[in-house]
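Chain residues, written in single-letter form:
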Amino acid sequence: MTIKQLRQKFLSGDMTPLEYMERILEIIREKEREINAFTHLDKTDTLLKEAEIWTRRYKSGEDLPPLAGIPVAIKDNIAVKDMPLTCASKILQEFISPYDATAVKKLKEAGAIIIGKTNLDEFAMGSTTEYSIFGPTHNPVDLERVPGGSSGGSAAAVAADMVPVALGSDTGGSVRQPASFTDTVGIKPSYGMVSRYGLVAFASSLDQIGVLARNVEDAVLVARVIAGKDRYDATSRELTVKGVLESLDTVDGIKIGVWKELNEHPAEEGIMTVWDEAIMKASKEFPMIPVSLPDIASGIASYYLIAPAEASANLARYDGVRYAWRVLDASTYKEMVKKTRTIGFGKEVKRRIMIGTFALSAGYQDAFYKKAVAMKYKIMKNFEEAFKQVDVILVPTSPKLPWKIGEKMAPSEVYKADLYTIPVNLAGLPAISIPAGYVDNLPVGIQVIGRYGEDEKVWAVADKLLSLWR
Ligand code: GLN
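These remarks concern the structure in this document. Keep in mind it's a predicted model, so treat the numbers as computed, not measured.

**Some remarks on the layout of surface pockets**
Phase 1 of the analysis: Taken as a whole, the largest pocket encloses approximately 380 Å³ of empty space.
Phase 2 of the analysis: Along the wall of the largest pocket there are 19 residues; nearest its centre are E130, Y131, E407, M409 and V414.
Phase 3 of the analysis: Looking at the lining of the largest pocket, the elements that each hand over two or more residues are α11 (347-360) and α13 (411-416).
Phase 4 of the analysis: It is α11 that contributes the most residues to the lining of the largest pocket, four residues altogether.
Phase 5 of the analysis: Partitioning the lining of the largest pocket into residue classes produces seven nonpolar, four polar and eight charged.
Phase 6 of the analysis: One number sums up the size of the second largest pocket: a volume of about 270 Å³.
Phase 7 of the analysis: In terms of lining residues, the second largest pocket is bounded by 17 residues, among which Y99, L199, V200, A201 and R317 are the most central.

**Overview of the pattern of salt bridges**
Phase 1 of the analysis: By the definition in use, this model includes 27 salt bridges.
Phase 2 of the analysis: D82 is the partner of K81 in a salt bridge, and the nearest nitrogen-oxygen pair spans 3.8 Å.
Phase 3 of the analysis: The salt bridge involving D100 is made with K108; its shortest N-O contact spans 2.9 Å.
Phase 4 of the analysis: According to the relative accessible area criterion, D100 is buried, its value standing at 15%.
Phase 5 of the analysis: Overall, the relative accessible area of 33% leaves K108 in the partly exposed class.
Phase 6 of the analysis: By sharing partners, the salt bridges in this structure join D391, R451, E454 and K457 into a single network.

**Some words on empty space enclosed by the protein**
Phase 1 of the analysis: The final tally for this structure, using the stated rule, is three cavities of 30 Å³ or more.
Phase 2 of the analysis: Put simply, the largest cavity is a space of about 80 Å³.
Phase 3 of the analysis: Lining the largest cavity, in full, are A124, G126, S127, G149, G172, G173, S174, F202, Y303, Y304, R352 and D418.
Phase 4 of the analysis: Residues of the lining of the largest cavity, tallied by class, amount to four nonpolar, six polar and two charged.
Phase 5 of the analysis: For the second largest cavity, the calculated volume is near 40 Å³.
Phase 6 of the analysis: Across the lining of the second largest cavity, the residue classes tally to nine nonpolar, no polar and no charged.

**Structural notes on the side chain of D295**
Phase 1 of the analysis: Tracing the backbone through its elements, the reader meets D295 in the loop between β8 (288-291) and α9 (299-314).
Phase 2 of the analysis: Put simply, D295 is tucked away with no salt bridge, and the nearest opposite charge, on K378, sits 4.4 Å away.
Phase 3 of the analysis: Beyond its immediate chain neighbours, meaning those up to four positions away, D295 contacts K378, I379 and N382.

**Considerations on the sheet that holds strand β4 (residues 165-170)**
Phase 1 of the analysis: In spatial order, the strands read β1-β3-β2-β4-β6-β5-β10-β11-β9-β7-β8; together these 11 strands make up an open sheet with mixed pairing. Of all the strands in the sheet, the pair left with one neighbour each is β1 (38-41) and β8. Each adjacent strand pair in this sheet contributes to an overall mean axis angle of 30°, direction not counted.
Phase 2 of the analysis: As paired strands, strand β7 (residues 256-259) and strand β9 (residues 392-396) are joined by three bridges and run parallel to one another. Considered in β9, the bridge of G257 is made with I393.
Phase 3 of the analysis: Against the sheet, helix α5 (residues 152-159) engages β1, β2 (71-75), β3 (113-118), β4 and β6 (208-213), with an angle of about 155° to β4.
Phase 4 of the analysis: Running at roughly 10° to strand β10 (residues 431-439), helix α15 (residues 455-469) makes contact with β5 (185-188), β7, β9, β10 and β11 (442-450) of the sheet.

**A closer look at the packing of aromatic side chains**
Phase 1 of the analysis: All told, the structure shown has 17 aromatic pairs when counted by the stated rule.
Phase 2 of the analysis: With 6.0 Å between their ring centres and 65° between their planes, F123 and F345 make a pair best called edge-to-face. Of this pair, F123 sits in the loop between β3 and α5 while F345 sits in the loop between α10 (333-344) and α11, and the two are 222 residues apart along the sequence. Each of the two residues, F123 as well as F345, counts as buried.
Phase 3 of the analysis: Pairing Y364 with F368 gives two aromatic rings, centres 6.1 Å apart and planes at 20°, and the pair type is stacked.
Phase 4 of the analysis: Given the relative accessible area of 30%, F368 is considered partly exposed.
Phase 5 of the analysis: One aromatic cluster is present, built from ring pairs that chain together F95, F123, Y318, Y323 and F345.

**Quick word on the site of the ligand**
Phase 1 of the analysis: Close contacts around the ligand come from 15 residues, with T171, G172, S174, Y303 and R352 the closest.
Phase 2 of the analysis: One of the side-chain nitrogen or oxygen atoms of S150 is found 3.5 Å away from a nitrogen atom of the ligand.
Phase 3 of the analysis: Within the side chain of R352, a nitrogen or oxygen atom sits 2.7 Å from an oxygen atom of the ligand.
Phase 4 of the analysis: Here the ligand occupies the largest cavity.
Phase 5 of the analysis: Among the residues making up the shell around the ligand, the classes are represented as five nonpolar, seven polar and three charged.

Calculation rules
For every chain, the first residue of the written sequence is number 1, and numbering continues from 1 along that sequence. The predicted nature of this model means local features are confined to residues of pLDDT at least 70 and side-chain atom pairs, given and counted, to a pLDDT of 80 or more, with totals for whole chains, interfaces and linings taken over all residues. Excluding hydrogens and water, the side-chain figures rest on all heavy atoms present in the structure. Cavities and pockets were defined on a 1 Å grid built from protein atoms only: a cavity is a group of points that admits a 1.4 Å probe but offers it no way out, a pocket is an open group of points flanked by protein on both sides within 12 Å along at least five of seven lines, and a lining residue is one with an atom within 4 Å of any such point. Grid points are joined across faces, edges and corners, and a volume is the space filled by probe spheres set on the points. What counts as a helix is a DSSP run of H or I of at least four residues, what counts as a strand is a run of E of at least two, and both are numbered from the N terminus. Amino acid classes used here: Ala, Val, Leu, Ile, Met, Phe, Trp, Tyr, Cys and Pro are nonpolar; Asp, Glu, Lys and Arg are charged; the rest, including Gly, are polar. Basic side-chain nitrogens of Lys or Arg form a salt bridge, by our definition, when they fall within 4 Å of a carboxyl oxygen of Asp or Glu. Each residue is placed in one exposure class: buried if its accessible area under a 1.4 Å probe, protein chains only, is under 20% of its type's maximum, exposed if it is over 50%, and partly exposed if it falls in between. We treat Lys and Arg as the positive residues and Asp and Glu as the negative residues; His and chain ends play no part in the count. We call two residues in contact whenever any of their non-hydrogen atoms come within 4.5 Å of each other. Criterion used throughout: strands pair if DSSP finds at least two bridges between them. Working convention: axes come from line fits to C-alpha atoms, limited for helices to the stretch in contact. Angles between N-to-C directions cover 0 to 180 degrees. Classification of ring pairs uses Phe, Tyr and Trp, with its six-membered ring standing for Trp, and accepts pairs whose centres are within 6.5 Å; under 30 degrees between planes counts as stacked, over 60 as edge-to-face, and the remaining range as tilted. What makes a residue near a molecule or strand is one non-hydrogen atom of that residue sitting within 4 Å of it. Whenever a nitrogen or oxygen atom comes within 3.5 Å of another N or O atom, the pair is scored as a polar contact, on the condition that within protein one atom can donate a hydrogen and the other can accept it, and that pairs from neighbouring residues in sequence are kept only if both atoms are in side chains. By definition, a pocket or cavity contains a molecule when more than half of the molecule's atoms lie within 2 Å of the pocket's grid points.

That is the geometry; function is a separate question.
See below:
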């Protein structure tokens, strides 16, 4: 059932927002113990009361906003007033947000009921949702496996029917890769489409808030609601062109590009089979044109310098003074800061801060940071050239199927799994991951990538492709 259909039911009285909320809470009660998607749930009384208010308003026949009475979950690195904002980190474990992120404010204005906060890798650094003070989130598709990350809690909540839609954040793939791992849809907007105000900064030049849902229509509906220029984020822009409840564009005349060098950087065998079949099916509806993106594979090296460099600056603010938690057994200011950061940050976060600090230090900037930025421009140029021939480009979302929780992998191995998602962030482009098939019951996602600002076109093509692949 889509949100639009749900709204229809609310309007006709077939189901009330209150009944729907009761159902959702029942599912959460049943499944949350084994999935661990949430870091915080709002009080049952509060949620039921809100749903009851919407039930009454639907009955009154008044004009209601597009998400009236729809429950939404929010990744725990996005601010919701009076709810914890932990980033799954010890250093923020007692922090309660005093304000709403702009995206959250817009959701509330559109009538959404924010039911709680979802699990993530600490400060959104990771690909598994295992690096969290709340423990790992389990993939509803297979409980022994990771749901992907870092927005794994949001993806799992959506996949387990605990909530129809959830917000995540995508700096290097953190919305699209979990979508791929949980058989859901994940939108990463063009850089600037959604305000970052209230999203805890990881790598500001790459961060975007995105949406996870079970179908393209719902994800688009929510993306349109949260989009728009915002005076609190100077990098935000007006990029959606449609009204929220309008249908998607036609896909007439669209040319699809297929990444030519994929064979040089192939995904696991099963994924390649799903990929080939998906391309075949798509070719019945669209002209499919091979396009070259020769420098994509350098994205990883570039990203894993730029992102830590920005993170090392952004995370300097957690010093035990400005926010929440600090150690008490320190006799000087310096000792307090040092101990707080040593104990407060997890291993992966500290690794990134050290890489970033090193890459930015005097004498090393030219050798590392500037080279990484030069590579980013090269990748942008790759896309620019390719988009002269086609409207959108297909690339698998992940080279790996969801792996087992606790599987020991070197950090560099995990980083390599971001091969296909990272270039999109470096170039600031819009992309969406949609389900394309299965390998031994494990889901495989494929990304549709578009020109900057052409999010609407990407979504329309994705909707059509999903209908061919499902
Ligand atoms: N896996 C990537 C990383 O660890 C992406 C994270 C993200 O998009 N937030 O940095």
